[in-house]
Amino acid sequence: MIELRNIDKDFVVSKTETNHVLKNLSLTINDGDFITLIGSNGSGKSTLLNTLAGSLKPTKGEIYFDGVNVSKLNDYQRADLIGRVFQDPNLGTIGDISIEENLAIAFKRGQKRTLSWALKKNNLALYQKYLTPLNLGLEGRLKEKMSSLSGGQRQAVTLLMATIRKPKLLLLDEHTAALDPKTSRKILSLTDNLIKDNQLTALMITHNMKDALKYGNRLLMLQEGRIIADYSKEEKEKLSVDDLYQKFDEAEDLN
């Protein structure tokens, strides 16, 4: 279980101005949850993910992973807990080294091992095993540089890298937004399969209302730094895209 308790996140704009992005936000993420997160621009979605990852520290409040307070830990100190895929496929991999070297780095995350250990023959066979189900032919291209791959191929490898050590929490920050519609659908399907097959806990930001309803077992709506709705799988199945837009309109009218 992952818990956020009364989280505030403020950014100082000037001596007289502070931007209050997250406001007394509390959230419980249960093991096995696949949560889709929607919200208008500036609602705090990316700030929430960055706070969970440790890239940002909460101004107030606490974050717990299985009862352990990780609020003051930096992102590299949470590396064995968090898997992350960004919007830009280039951010999750290193273009100047090979596919196998990228996978080796991901494979030894949180372990005191050398790169040569992770590149052992047995592990190379393991990487091929992981790559084969992607159906991209990458299992036969381990020696090629990551920069030679298309955006979709690179994002698929990034997903594999983020999940290969089965993190406590997988964070997906609009990870299909930079891809064409066909490739986006393929990556989303791959994402769903990886989460289900590995029984992962995940939080995915999306601007696509259809995808928010289609994927996951929970749907969160964020508005001005607050969670305004938390729908279960059963509730999601009764909602339409128009229902979601209406909920946003009602929240804006209240403000």
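These figures come from a predicted structure and were not determined experimentally.

Would you explain unusual backbone geometry in this entry?
Residue D66 is not a glycine yet carries a positive backbone phi of 50°. Position of D66 relative to the elements: it lies in the loop between strand 4 (60-65) and strand 5 (68-69). A positive phi angle, close to 50°, is found at K166, a residue other than glycine. Along the chain, K166 turns up in the loop between helix 5 (151-163) and strand 7 (169-173).

I would appreciate a short explanation of the sheet that holds strand 3 (residues 34-39) in the present structure.
To summarise the sheet geometry, strands pair through backbone hydrogen bonds and adopt either a parallel or an antiparallel arrangement. If you trace the six strands from one edge of the open sheet to the other, you get 6-7-8-3-9-10, paired in mixed fashion. Taken across any chain shown, the strands that pair with only one partner, and hence form the sheet edges, are strand 6 (82-85) and strand 10 (226-232). Here the strands of the sheet are splayed against their neighbours by 20° on average, with no regard to which way each runs. Where strand 3 lies against strand 9 (residues 218-223), five bridges are found, and the strand directions are parallel. From the neighbouring strand, I38 faces strand 9, where its bridge partner is M221. On top of the sheet, helix 5 reaches strand 6 and strand 7; it is set at about 170° to strand 6, its chief contact. Packed on one face of the sheet, helix 6 (residues 181-198) meets strand 3, strand 7 and strand 8 (202-205) and runs near 170° to strand 7.

Before we go on, may I ask you to explain the packing of helix 5 against helix 6 in this structure?
The relative placement of two packed helices comes down to the angle between their axes together with the axis-to-axis distance. Remark: helix 5 packs on helix 6, axes separated minimally by 10 Å, with the N-to-C direction vectors making an angle of 15°. When the interaxial angle is binned, helix 5 and helix 6 end up roughly parallel. Along this stretch, helix 5 crosses helix 6, giving a crossing that reads as right-handed. For the pair formed by helix 5 and helix 6, the contact residues are G152, Q155, A156, L159 and T163 on the first element and T183, I187, L190, T191 and L194 on the second. Of the residues contributing to the contact of helix 5 with helix 6, the split by class is five nonpolar, five polar and no charged.

Looking at this structure, how should I read the sheet that holds strand 4?
In space, the four strands of this open sheet follow the order 2-1-4-5, with antiparallel pairing throughout. Looking at the sheet topology across the chains shown, the edges are occupied by strand 2 (18-29) and strand 5. The pairing of strand 4 with strand 5 spans two bridges and is classified as antiparallel. Among the inter-strand pairings, F65 is bridged to a residue of strand 5, identified as V68.

What should I look at first to understand the nonpolar core in this one?
Burial of nonpolar side chains together is a common tendency in soluble globular proteins. Grouped together as the largest cluster of nonpolar side chains are 34 residues, with contacts concentrated most on I99, L103, Y127, L131 and V157. Broken down by secondary-structure element, the contributors of at least two residues to this core are helix 2 (99-107), helix 4 (121-131), helix 5, strand 7, helix 6 and strand 8. In this view, V157 contacts L103, L131, L138, M146 and L149; residues no more than four positions away in its chain are not counted. Membership of the second largest hydrophobic core comes to 25 residues, among which are L37, L48, L49 and L81.

Where do I start with the environment of L194 in this structure?
With respect to the element layout, L194 can be found in helix 6. Apart from residues no more than four positions distant in its own chain, L194 is found in contact with L159, T163 and L200.

What's the story with a negative patch on the surface in this structure? I'm lost.
Residues E224, D249, E250 and E252 make up a contiguous surface patch of negative charge. Within the fold, E250 resides in helix 9 (residues 241-254). For E250, a relative accessible area of 39% corresponds to the partly exposed category.

Each value, and the rule that gives it
Residues numbered from 1 in each chain as written. Predicted model: local features only at pLDDT ≥ 70, side-chain atom pairs only at ≥ 80, totals over all residues. Heavy atoms only, no water. Helix = DSSP H or I, 4+ residues; strand = E, 2+ residues; numbered from the N terminus. Pairing = 2+ DSSP bridges. Axes fitted to C-alpha atoms, helices over the stretch in contact; angles between N-to-C directions. Contact = heavy atoms within 4.5 Å. Parallel < 35°, antiparallel > 145°, perpendicular 65-115°, else oblique. Left-handed = near helix turned anticlockwise from the far one by under 90°. Nonpolar A, V, L, I, M, F, W, Y, C, P; charged D, E, K, R; others polar. Core = buried A, V, L, I, M, F, W, Y, C linked by side-chain atoms within 4.5 Å. Buried < 20%, exposed > 50% of the residue type's maximum accessible area, 1.4 Å probe, protein only. Patch = residues over 30% accessible without salt bridge, like charges linked within 9 Å, V, L, I, M, F, W, Y side chains within 5 Å. Areas by Shrake-Rupley, 256 points an atom, 1.4 Å probe, with all protein chains shown as cover. Salt bridge = Lys/Arg side-chain N within 4 Å of Asp/Glu carboxyl O. Lys, Arg positive; Asp, Glu negative; His and termini not counted. Charge placed at Lys NZ, Arg CZ, Asp CG, Glu CD.

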